[in-house]
Structures are given as C-alpha cells and as structure tokens.
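Per-entry structural report
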Amino acid sequence: MSLTILAQITAAAGKEALVETELKKLIDVTRAEKGCINYDLHQDNENPGLFVFYENWESRELWQTHMNAPHLAAYMAATDGAVDSFVLNEMTKID
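Residues numbered from 1 in each chain as written. Predicted model: local features only at pLDDT ≥ 70, side-chain atom pairs only at ≥ 80, totals over all residues. Heavy atoms only, no water.

Some remarks on the pattern of salt bridges
Within the structure shown, the criterion is met by 4 salt bridges. For the salt bridge of glutamate 20 with lysine 24, the shortest nitrogen-to-oxygen distance reads 3.0 Å. Here glutamate 20 and its partner lysine 24 are both found in helix 1 (residues 16-31), 4 residues apart, which amounts to about one turn of the helix. Under the relative-accessibility criterion, glutamate 20 is labelled partly exposed at 22%. Between glutamate 22 and lysine 25 there is a salt bridge, with its nearest N and O atoms 3.0 Å apart. Here lysine 25 and glutamate 22 lie together in helix 1, a separation of 3 residues that amounts to about one turn. A residue is classified by how much of its surface remains accessible, and glutamate 22, at 11% relative accessible area, is buried. (Salt bridge = Lys/Arg side-chain N within 4 Å of Asp/Glu carboxyl O. Helix = DSSP H or I, 4+ residues; strand = E, 2+ residues; numbered from the N terminus. Buried < 20%, exposed > 50% of the residue type's maximum accessible area, 1.4 Å probe, protein only.)

Encoded structure:
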C-alpha cells in the first residue's frame, strides 16, 4: 500500500532563503530514490517561510529508507538552527 507524506517546514525568521535552498537540493536526489512516486515542494503564498513537501511513496519501508539517506542528514546539518518547526504527517488515501 502506498504512503502519502505531508512535511511542513517553517523557517526561522531571516533564514527563509537558506532553508529554501537546502530543501531544493533534496528534490532531484529524492525523486531518483527507489519507491518515490512524487516529491513536490510548495511554498506558502502568504508566508514565504512555510514550505510543504507533498510526497507519495510505494511503501512505508521505502520512505523510511529515504528518511535515513545521507542527503537528509546533510540537509539537517545545513539547516541546524534555521528551522522553527517541522511537522510530518503520514497519510493514507481513502478514496
């Protein structure tokens, strides 16, 4: 069964550009990962510091592999102290 992920990232004030740059680095490498159906980054129209990844994965196990990938660790290191909040929802399509 596929898995949908909504990941909401809120940048700290003044760190919006840094967080955006680092999030964009994740896109191509993640889209090439086994099990990635889509990995789409969005930015809020009213709050430029709010970013949302809308992701679909073939399975939770393959998404977990992604979560432990080196490029995610590099993102975490690069944005240390630059993210105010990170909210992640694992979701299942019901219709």
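Some remarks on the sheet that holds strand 4 (residues 83-91)
Pairing is antiparallel in the open sheet, where 4 strands are placed in the order 2-3-1-4. A single partner strand is all that each edge strand has here, and the edge strands are strand 2 (36-43) and strand 4. Shown here is a sheet whose adjacent strand axes are inclined to one another by a mean of 15 degrees, direction ignored. Relative to strand 3 (residues 50-57), strand 2 runs antiparallel, the two being bridged by 7 bridges. Its bridge partner lying in strand 3, leucine 41 is registered against phenylalanine 53. Against the sheet, helix 2 (residues 60-67) touches strand 1 (3-11), strand 2, strand 3 and strand 4, its axis set at about 135 degrees to strand 3. (Pairing = 2+ DSSP bridges. Axes fitted to C-alpha atoms, helices over the stretch in contact; angles between N-to-C directions. Contact = heavy atoms within 4.5 Å.)

Some remarks on the environment of glutamate 55
Along the chain, the position of glutamate 55 falls in strand 3. C-alpha separation for the pair glutamate 55 and cysteine 36, spaced 19 residues apart in sequence, amounts to 7.8 Å. Those residues in contact with glutamate 55 that lie beyond four places of it in its chain are Leu3, Thr4, Ile5, Ala7, Asn38, Tyr39, Trp63 and His66. Engagement of the side chain of glutamate 55 in a polar contact is seen with the side chain of tryptophan 57, the distance being 2.9 Å. (Polar contact = N/O pair within 3.5 Å; in protein donor to acceptor, adjacent residues only side chain to side chain.)

Any link to function would need more than the numbers given here.
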